[in-house]
Structure formats: structure tokens, C-alpha cells
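Structure assessment
Read off the chains here:
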Amino acid sequence: MAESGSPFLFWFSFFCLLHSLPVYYSISPPPRFPSSLISPEEKVSLAARQNLLYRTKYFTQILDHFNYYPKSYDTFQQRYLINDTFWGGAKSNAPIFVYTGNEGNIEWFAQNTGFLYETAPHFKALIIFIEHRFYGKSIPFGGKKDVAYSNATTLGYLSSTQALADYASLIIDLKKNLTATDSPVVVFGGSYGGMLAAWFRLKYPHVTIGALASSSPILNFENITSPYSFNNIVTKDFRSESESCYKVIKGSWQQIEDTANQPGGIELLRKSFRICKNHFTGYDLEGWLETAYIYTAMTDYPTPSNFLSPMPAYPVKQMCKAIDDPATGNDTFAKLFGAATVYYNYTGTATCFDPNDNSDPHDLGGWQWQACTEMIMPTSGNNEESIFPPSEWRYQGRVSYCEGAYGVEPRPNWITTEFGGHDIKRVLRRYGSNIIFFNGLRDPWSGGGVLSNISESIVAIVAKEGAHHVDLRFKTSEDPEWLKDVRKQEIGIIAKWISEYYHDLALDLLS
């Protein structure tokens, strides 16, 4: 059977339609958050890596932390992964590193967040990855996803605040069971998980001494970050590699639309882009291409990766190289197809592609609910210079979809009400402490990140050539010096937090 391109297409194509195809605003679901849900690296098989990296355990978690209705006391089994290989033990108050799980199966995070495993030996740390409620195998209502996802009444228990309370409850109980109540906890996260890590430090400072929040766009909310920021960065990424590459992509959308509307045009597009024998439209193809450009920009890593899909080092450069290939002459579709294969078929195993692939093999479906309730992150604006067709962020389109899908209206101001964001420097300078915000400026989400120091202990590490939470990836022999320096800075700051904690603990024991 012919293989289609990307298993993530359902997520990505909807995301792209919301970016540049206004005709779909009232009927398309909101985007799922671009996360680090990744396949295992090719050099280590899935089974082998799982056996080496963690053991699976479950914690009996309460359904509702914030109410006292009888239903609130229902429980579910929350999955967490543990590695105690390097732990110095409770008697020495050795630290505990906790990854605050994102919107998906926790195993992908655990298999690809190499920074924790490579840093833990230095600190003799215990490693924990906690799965976010309603994702992976951490499903309430008896573990039955069809029940948990059935309507707004059950999905109403899926929120960032409930997830943070889950993490606090699990960590406190785990420390008690390990007789490790004095072991310091440092939390880590990337993307949405990074947002959770930062918020966890602010909301539960008695549970964690600090947080590393990588590529966490905590400012990407209404009236803080421009809705044009995201695609401006995607545009900049491609334009910085090649002006001609940028112009070919920018000028291609109308050509695709015109071709699709001509007699025989769909078949011409099918042949040009090797689309499988299924129905598709010009809009579907545009979404498929936009997906490739956006996520290649996000994961524009300096080394080969098997992240969202297998790709070479510096994949944006490779896309532009394909577009600028003289062998394609003036054939725009040949240029675009060559670029798309960098993302969808770098291994050369796919024989055709399905722009309408709606599979969800990585348990990402819950994000649609979160994007309909609290995670209202405007990213779809495109100005005249954008690599994508001009468009505006339309909040009303989100409202229309969410009311139709769930019977709920989004709360666009809830996140900033609950966690803050406006005037963040002035507020956190007097309130927060011990947070590292890493951002790579080639990551489109960096526009909604914290890019400058807030205080001596709330610091921003910014890498001009960095991509989406590249600092958390497994290190390789090909890592550039700037990436090594980023990780060195992060380790040094974490070491300071832990040292200060031990100093304070010693004083408490003497008093």
C-alpha cells in the first residue's frame, strides 16, 4: 500500500487553514499546539530506548481539585515515568527533576528530552515525566477516551490549572513515599510544557525551587503579542536563506488556486505533488504545503533530527536549496514539491501523500478543547510581506467553531487573568524567582516568549540561530558551540538554585 506523507496532517492542516485561508474560519477547528511530540531517534529503537530511559508507574489522581461536589472526588490513573539510575537518594536530599507533560503521550517527551538524562548524573537527580490529564493513557472516566471526550461536561475537567494541581499532588505524594521531603524539585518543560513549567513555579513555589521553560510562549495571548508575529518569523526564516526562495513560495498560492479552478487542474496538481488517489482541493494542498513550511521553520535544527518527521540539518536551508535548484527551471510546482519532500519524505519511503490525513496516533486530540476554552493564542495574521497570503486573526471565527463543536465560548482573557502576562517585567520582578526562559529566534513561537531578563533570577537565554526547544534535545557531536553554551548556562543556573536551597536547608536544620 502506498504510504502517505505525515501522520500529523490532521493537526497541521487545520492549523494552516486557520493561518491563511479565511474561508474556513467559521468551520475549522482551532490549531493544536505545536509540541515536541516526536518519533524516537533512528539510532535507538523505540523499545530499546524505553527500556533504558524509564519505568512506567501510575498515580491515583483526583478528578477535580477546585470543587467539593461528590463528582469532584472521582479519581483516575495518571501515568508517570521514572528513572532513578542516577539518583543520590533521599538520605542525601538529592534533587528531583520533573518534566511537566505537554498535550500528548508522555513517552514521546521522555524519549526525546535528552537534556534531563544528560544533566541528571551531574546532580545525582531522580527523573520524573508526568503525563498531562486527558492525554496518552492518563484518561479520566475509567480510562475510556470516548467517554472522556464525549462532551463539554466531561471535557470541562481538562485545563491547565487542573494539570498543574495534578503535578503538585503527584510530586508531594511521591516525595512522601520516597521519604524525600527535603529533596529539591526542579521542573522542566518545552513548548506548552514549558508554559506549564513556568506557571508551576509561580503557582507552586513551595513544591519546586525553579523552572526551565524552553520555547514557552507565555505572552502569546490577546493584546500582548501581535497576531502577525508568528508568520513574520516564518517569513524571516525563509527570506534569510534566499530571496528567490521566499518569492517563489509567496507567489505560489495564487498559482495553486488558479490551477485548481481550471478544468483538469486538480489532476495536474495531483500529478505534480504525488497526491494519493483520494479527494482533495486546492485549499487542502495549500494547507499541506503551509504545514511543511511552518514546522520546518519551527524545527530548523543545526543537526539532523527525527522530530516531527525525519529531516536534515538546517532544513529551511535545504528547502530553499530545492526551490532554487536550476534543474527545476521555471516549474513552480516542481520547486514546491522538492521543498515539501524535505519535510514529508526526507527518507524517500513515501510514494504518495494525503493532504487530508486525519489520523491522531499521538493522542493530541484534547488540544482542540483547550484551544476552544483557555488557550486562545492569536497567530494567524499575515501582512503584505508575509510568505503566506494576507489574512487577519479573527477571534469570531474561533468562537463560531467552538460554540458549534462544544457549545462553549472561549475565554480569551482567562490565561492572563490566572497566570499574568501583561506588564510581566514589572510584576515578576517583585513576585517571581528562579525561572529560565530559553528561546531560539528562528522559532516562530519566540515572538510570544520572554526575550530579556526580568530579574537576577528570572533570566532569558536567547539564541539567534535556535529553533523550538532545541536546548532540551539529546546532544550530538555535531552541536554548534552556541548550543553547547546555552546548555552550559542552564546547568550553571540550576546548580546555583540547588546550592542556595541546600544552604537554606542547612540553616533551617541548625535553627
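Now for a quick tour of the structure. (Residues numbered from 1 in each chain as written. Predicted model: local features only at pLDDT ≥ 70, side-chain atom pairs only at ≥ 80, totals over all residues. Heavy atoms only, no water.)

1. Overview of the overall build of the chain
Of regular secondary structure, the chain possesses 19 helices and 10 strands. Classification of the 511 residues of the chain by burial places 61% in the buried group. Of the contacts formed within the chain by residues at least 6 apart in sequence, a portion of 75% connects residues at least 24 apart. In the structure as shown, the chain presents an accessible area of about 20100 Å², 52% of it carried by carbon and sulfur atoms. (Helix = DSSP H or I, 4+ residues; strand = E, 2+ residues; numbered from the N terminus. Buried < 20%, exposed > 50% of the residue type's maximum accessible area, 1.4 Å probe, protein only. Contact = heavy atoms within 4.5 Å. Areas by Shrake-Rupley, 256 points an atom, 1.4 Å probe, with all protein chains shown as cover.)

2. Notes on the state of the cysteines
Scanning the model with the defined rule gives 3 disulfides in all. With a sulfur-sulfur separation of 2.2 Å, C245 is cross-linked through a disulfide to C320. The sign of the -70° torsion about the S-S bond sets the C245-C320 disulfide as left-handed. Taken together, the residues span a long stretch of sequence, with C245 in helix α10 (residues 243-260) and C320 in helix α13 (residues 315-323) at a distance of 75 residues. Residue C245 shares its accessibility class with C320, and that shared class is buried. Taking only the cysteines that form disulfides and numbering them from first to last, the chain has the pattern 1-3, 2-4, 5-6. (Disulfide = S-S within 2.5 Å.)

3. A few points about the pairing of strand β4 (residues 126-130)
With 5 of 5 residues buried, β4 lies mostly within the body of the structure. Side chains L126, I128 and I130 project from β4 onto one buried face, and the interleaved I127 and F129 project onto a second face that is buried too. Relative to β4, strand β2 (residues 75-83) runs antiparallel, the two sharing 4 bridges. Each bridged residue has a counterpart across the sheet, and for I82 the counterpart in β4 is I128. The pairing of strand β3 (residues 96-100) with β4 spans 5 bridges and is parallel. Bridge pairing in β4 links F97 to I127. (Pairing = 2+ DSSP bridges.)

4. Some words on the packing of aromatic side chains
Within the structure shown, the criterion is met by 26 aromatic pairs. Judged by centre distance (4.0 Å) and plane angle (0°), the rings of W199 and F419 are stacked. Of this pair, W199 sits in helix α8 (residues 192-203) while F419 is found in helix α17 (residues 414-419), placing the two residues 220 residues apart along the sequence. Of the residues examined, W199 reaches a relative accessible area of 1% and is grouped as buried. Measuring from centroid to centroid gives 5.8 Å for W253 and F388, while their planes differ by 50°, and the two rings are tilted. Placement of W253 in helix α10 and of F388 in the loop between α15 (367-373) and α16 (395-406) is noted, with a sequence separation of 135 residues between them. Residue F388 is classed as buried on the basis of its relative accessible area, which comes to 1%. Linked through ring pairs, F273, W288, F333, F337, Y343, Y344 and F353 together constitute an aromatic cluster. Note that R473 overlies the ring of Y301, its terminal NZ or CZ placed 4.6 Å from the centroid. (Phe/Tyr/Trp six-rings, centres within 6.5 Å; stacked < 30°, edge-to-face > 60°. Lys NZ or Arg CZ within 6 Å of the ring centre and 35° of its normal.)

5. A look at the packing of helix α11 (residues 265-273) against helix α14 (residues 332-344)
Geometry of a packed helix pair, given as the angle between the helix axes and the separation of the axes. At a minimum axis distance of 9 Å, the contact between α11 and α14 shows a crossing angle of 45°. Judged on the interaxial angle alone, α14 and α11 are oblique. As for how α11 packs across α14, the hand of that crossing is right-handed. On α14, the residues that touch L269, S272 and F273 of α11 are F333, L336 and F337. Within the contact of α11 with α14, the residues separate by chemical class into 5 nonpolar, 1 polar and no charged. (Axes fitted to C-alpha atoms, helices over the stretch in contact; angles between N-to-C directions. Parallel < 35°, antiparallel > 145°, perpendicular 65-115°, else oblique. Left-handed = near helix turned anticlockwise from the far one by under 90°. Nonpolar A, V, L, I, M, F, W, Y, C, P; charged D, E, K, R; others polar.)

6. Describing helix α9 (residues 229-241)
Working note: α-helix, 3.6 residues per turn, so residues spaced by three or four point in the same direction. The end-to-end C-alpha distance of α9, which contains 13 residues, comes to 19 Å, matching closely the 18 Å that a straight helix rising 1.5 Å per residue would cover. The complete set of buried residues in α9 reads S229, F230, N231, I233, V234, T235, D237 and F238. (Expected span 1.5 Å × (residues − 1).)

7. What to know about the sheet that holds strand β1 (residues 55-62)
Reading across the sheet, the 8 strands line up as β1-β2-β4-β3-β5-β6-β9-β10 and stay open at both edges, with mixed pairing between neighbours. If you trace the sheet from one side to the other, it starts and ends with β1 and β10 (458-463), each paired once. Pairwise comparison of adjacent strand axes, ignoring direction, gives a mean angle of 20° for this sheet. Sheet analysis places β1 next to β2, joined by 8 bridges and oriented antiparallel. Paired with T60 across the bridge in β2 is Q77.

Everything listed here is a matter of coordinates, which is why it stays silent on function.
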